[in-house]
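Residues per chain, in single letters:
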Amino acid sequence: MTETEPTAARGSSVPEPVLRAGLQGRTDEAVIGLTADGTVSSWSAGARALTGSRVADAEGTPVSSVLPGLFPDRSSLDTALETAGADGRAVVEGWCRRDSGENFWASGVMTAVEDGEGFALLLRDCTEQRQTAGERKLLADVTRRIAQADSYIEGIRTAIVEVCDHTEWAYGEAWAPAEGDDRLEYVTGHAADRTLEPFLDESEAVTFGYGEGLPGRVYASGESEWIPDTSDQPRDVFRRTALAEEVGLRAALGVPITTEDGVVAVLTFFLRDHRDPDDSLASVVSAVAADLGGLVARMQTEEELDRERALLGRVFTTSPVGLIVTDTDGEIVRSNLQASEILCGGESSLVGRTFDGLDGEFLHPDGSAVDPEEFPVARALDTGATVGDMEVELRDEDGESRWVLLSATPIHGDGGDVERVTVVVEDITTRREREQSLRAFREAIEQAGHSIYFTDSDGTIEYVNPTFEEVTGYSAEEAVGRTPHILNSGEHDEQFFAELWETIQAGEVWTGEVTNEHKSGDRYVVNQTIAPITDETGGIERFVAINDDITEQKRREQTVRRQRNSLQRIRQIIESLRPINRELTRAGTRQEIDQVICEQLAASDAYLFAWIGDHNQATEEITPREWAGVESEFVQDLDLTLDDAELGTNPFQQAVTSSEIQAIQEVPTDPAGQDRRDRAIEYGFQSVAAIPITYGETVLGIIGVYSARPDAFDRYEQGLLRELGERIGHAINAAENKQLLHTDTVVELEFEIGVADSPLVSVTEQLDCRLSLNNLTPTTEAGYLCYVDVDGVAPEELLDIVGSAPSVESTRVVRARGQTGIVELRVKTGPLTALFEHGATISSFEAADGSGRLVGETTPQSDAQSMIETLQGTYRETTFVAKRTRTQESTTLTMTKNAVEAELTDRQREVLGLAYHGGYFESPRDSTGDELADALGISSPTFYQHVRKAIRKILALLIENEQLEPTQSPVSP
């Protein structure tokens, strides 16, 4: 205190002048005059500065109402008045609140007024001193209590209670991740009084996700977070706003509890009033959280140590080998049952004994006694290093002996000295006996040039010679203890090995060729002899197998035979296919193509008979159209249903599904398909192949070819037949297109295409534009080039969307004029390509407002119904609209077009059409020849050559042929 501070000794009163001086203007401390019953009679400037209350608000009011923190009720005020009256002074202190809502710690003295009735209350703000001293004591107490905690939960609970009891925090709680889950769940909490218990009760049932709510955000960020007033926060920031406001909780603080592994839990505390971030309160909670982090880390370490101790105990007890621990004198302090069984038959404990004090005698392999200093435990104590693999013979008092393998490892203390030694004891008697029994044979066969191995009577390999290792790739360590099954190539069935075992177990010698498998997976052939080795009584003890590697000899024989057969078969197949290729160029209709294929295949020397059929993609049916070399009953009885349950055994189903040739060799012995085996025997075929007829991505049909050769349809032959299937597909498409050009009547098929079936339809709905197809051209890479007119959207914007569709491989802007232009698309599949691949010509395709209209033309002879079913079956939002038959008028222009079509090759027509629609003839060019060649998958010189030849042929027709002069008059067909 300073000299100007009013003071009052015990039993004295405050002079009236001093009280007046205090009331006249001092602001560093409050001087409050009280009547005898504790009513405020005067209120100094210092009192107003300290509390924020005005004189008018204070005077005439009981001081317990103005300062409830000092006098919570009337009885506490009466006690202070009585003490001050009797003793002259009464010390008072407590947390008070200013009118601004700020809390402060008020400390002062109430004294009686000299020469008058009443009392003087002198107060000053001691908040800082109070907090500093309180925090030190609180943190010391909390640290001590946490260190004494027996569990993680107890430590957190103690910390929360201490903080709430000794600070302004009214409520505290802890959150931690649930076991096996990332969500935070309530761990424990504490409420300062019963009014806050509803908030605590509800919190017990609440969980927070990662980054959710105050606990979730603190857990995710690892940083503390202060909320000045939870009532101001939206639900996504503070989920329990309503209940917090109901019980009177306002400001909140979240602090993470961390270890080296990161955040393990979160503490949250609440105040009853609005409060901007308070460093003092926050630092207390942060310090407590740090102590709790240390507690968690300590307990995690202790739990891990407990688990390791338990695991080591189980390992020691259940180990299949003997384990012993000795002290530095070599005395056994611990051993497991296995060690006792090996060293003393399990009849007595080993603890308290040394190795040289055990019953029996330890001998070296040469028969000399083992000196006590030679034991591994003694050497490990002497050298401080591991001593391993000492083989000794332990002979008991009855002369019985066993062979033991000893190893010792020293355990060093923190100072580096040896404190314990662990000893591993293994009974190797059986192994030694086995080695001795084989040693007699090893010398004789070690240098043998043949692969030799011994097995026991059950077939377990006991020995292999070096040649075995070279031939099989398996080392002796890998082979011994296993059976010859490791060499099984799968070439021989169970009956083969059953007969082998029956022979040798009967005591007879077995000889034969065996195909084995090298460790690398390669196969080799041996001429094998297996003989039994018997004991004195004639019982079989083991077997010896001698193997002469004849792989190279067999390979040479097979190579010669294969080359001879292959040359003959290739010549035969090529001769068989040559007339087919020649006749395909002459066939003008699908029927002619079918007849040519079946007749030529059946007439060839390579095959017995053949049939050809259509594939209906919508109904998944195969319908034979033509056959040759076999009666109709055979074809009619074929199982051509496409049943998923039999997909793995039916070659025709597999060919349709995979678009690849499927072949079955040696049908009469094939384990799958009893019906097929019976038919093979009845009709005399050994092999069958299903050849898909493909055009683009579409399977148009299937060819069934049957051969008397058991090894027919190898990889080379399948390659030739695959090319045949593709040529037939192109021939069918070309024949139908050619018929369409020369027919007087065409069939128009109209379809409506939905957004799910075509990206061109889908994009019109998204961008409100209109699209129309100019040209569709097949490429050399199993795809199609489409040139599309764009109206109502920038071509670049259109391609940004269309280009991401799975069916679109690449895109390019050919011409762009604001909201119109031409684009190029390389597509794989879709309703347009499917209709084209089934032999129709695309007349038009337009799309707008999320709907597309596709019109194709085909001949009356084509299977229009199959086309309709295929499109509707494959594309769920494609609907058949109409089928119309139209007569084509023959005009000079039409005849000119027909003449041009007849004059140009298919490739020349495709290239010329692509160049026209791709803007190659525009000035300036929309596409270069190199770009178009790349789109078609051909070289630039080839593109330019096709264009020049096509233009020359057209000009020759126009200039040299007077009958093609243009006229507007129609002519008769």
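Residues numbered from 1 in each chain as written. Predicted model: local features only at pLDDT ≥ 70, side-chain atom pairs only at ≥ 80, totals over all residues. Heavy atoms only, no water.

Per an unreviewed UniProt entry, the protein carries the name PAS domain S-box protein and comes from Halovenus carboxidivorans.

Trainee: In this structure, what is going on with the confidence of the model for the protein? I would like to understand it.
Mentor: Detailed reading of the predicted coordinates is not advisable wherever pLDDT falls low. Summary statistics for the protein give a mean pLDDT of 82 and a share of 88% for residues scoring 70 or more. Predicted confidence for residues 1–25 stays below pLDDT 50, and this span has 41 contacts to residues more than four positions away or in other chains. For residues 962–973, every residue scores under 50 in pLDDT, and the model assigns this stretch 16 contacts once sequence neighbours within four places are set aside. (pLDDT = per-residue confidence, 0-100. Contact = heavy atoms within 4.5 Å.)

Trainee: Looking at this structure, I do not really get the packing of aromatic side chains. What am I missing?
Mentor: Under the definition given, this model contains 30 aromatic pairs. Between Phe609 and Phe634, the aromatic rings sit 5.0 Å apart at their centres with planes inclined by 75°, giving edge-to-face as the arrangement. Of this pair, Phe609 sits in strand 23 (residues 609–616) while Phe634 sits in helix 20 (residues 632–636), placing them 25 residues apart in sequence. Ring pairs connect the aromatic residues Phe609, Phe634, Tyr683, Phe685 and Tyr706, which therefore count as one cluster. Of note, Arg239 hangs over the ring of Phe208, and the distance from its end group to the ring centre comes to 4.8 Å. Over the ring of Trp403 we find Arg432, and its NZ or CZ is 3.7 Å from the ring centre. (Phe/Tyr/Trp six-rings, centres within 6.5 Å; stacked < 30°, edge-to-face > 60°. Helix = DSSP H or I, 4+ residues; strand = E, 2+ residues; numbered from the N terminus. Lys NZ or Arg CZ within 6 Å of the ring centre and 35° of its normal.)

Trainee: Would you take a moment to explain the nonpolar core for this structure?
Mentor: Most often, soluble globular proteins keep nonpolar side chains buried together rather than apart. The biggest cluster of nonpolar side chains holds 71 residues, and the ones touching the most others in it are Ile593, Leu601, Ile703, Ile728, Leu798, Phe845 and Leu854. Discounting chain neighbours no more than four positions away, the residues touching Leu798 are Val763, Leu767, Cys769, Leu771, Val790, Val793 and Val823. Core analysis: the second largest hydrophobic core is formed by 27 residues, Ala30, Val40, Ala90 and Val92 among them. (Core = buried A, V, L, I, M, F, W, Y, C linked by side-chain atoms within 4.5 Å. Buried < 20%, exposed > 50% of the residue type's maximum accessible area, 1.4 Å probe, protein only.)

Trainee: Got a minute to help me understand empty space enclosed by the protein in this structure?
Mentor: Taken as a whole and judged by the stated rule, the model has two cavities of 30 Å³ or more. There is about 120 Å³ of room inside the largest cavity. Residue lining of the largest cavity: 13 residues in total, with Ser758, Leu760, Val827, Thr829 and Leu832 positioned closest to the centre. Listing elements by their share of the lining of the largest cavity, those giving two or more residues are helix 24 (759–767), strand 32 (820–827) and helix 26 (831–837). Looking at which element gives the most residues to the lining of the largest cavity, the answer is helix 26, with three residues. For the lining of the largest cavity, a count of residues per class yields seven nonpolar, five polar and one charged. The space that makes up the second largest cavity amounts to roughly 40 Å³. Around the second largest cavity, the lining residues are Ser451, Tyr453, Phe468, Val471, Thr472, Leu487, Asn516, Tyr524, Val526 and Asn547. At the level of secondary structure, the elements contributing two or more residues to the lining of the second largest cavity comprise strand 18 (451–456), helix 15 (466–472) and strand 21 (523–534). Among the elements that line the lining of the second largest cavity, the one with the most residues is helix 15, at three residues. Its residues assigned to classes, the lining of the second largest cavity comprises six nonpolar, four polar and no charged. (1 Å grid on protein atoms, 1.4 Å probe; cavity = no way out; pocket = protein on both sides within 12 Å on 5 of 7 lines; lining within 4 Å. Points joined across faces, edges and corners; volume = space filled by probe spheres on them. Nonpolar A, V, L, I, M, F, W, Y, C, P; charged D, E, K, R; others polar.)

Trainee: Honestly, a nonpolar patch on the surface in this entry has me stumped. Any pointers?
Mentor: A surface patch of nonpolar side chains, amounting to about 500 Å² of accessible area, comprises Tyr916, Phe921, Ile951, Leu955 and Leu958. In terms of residue count, the dominant contributor to the nonpolar patch is helix 31 (residues 940–960) (three residues). Mapped onto the fold, Phe921 is located in the loop between helix 29 (906–917) and helix 30 (929–936). For Phe921, a relative accessible area of 43% gives the class partly exposed. (Patch = residues over 30% accessible without salt bridge, like charges linked within 9 Å, V, L, I, M, F, W, Y side chains within 5 Å. Areas by Shrake-Rupley, 256 points an atom, 1.4 Å probe, with all protein chains shown as cover. Salt bridge = Lys/Arg side-chain N within 4 Å of Asp/Glu carboxyl O.)

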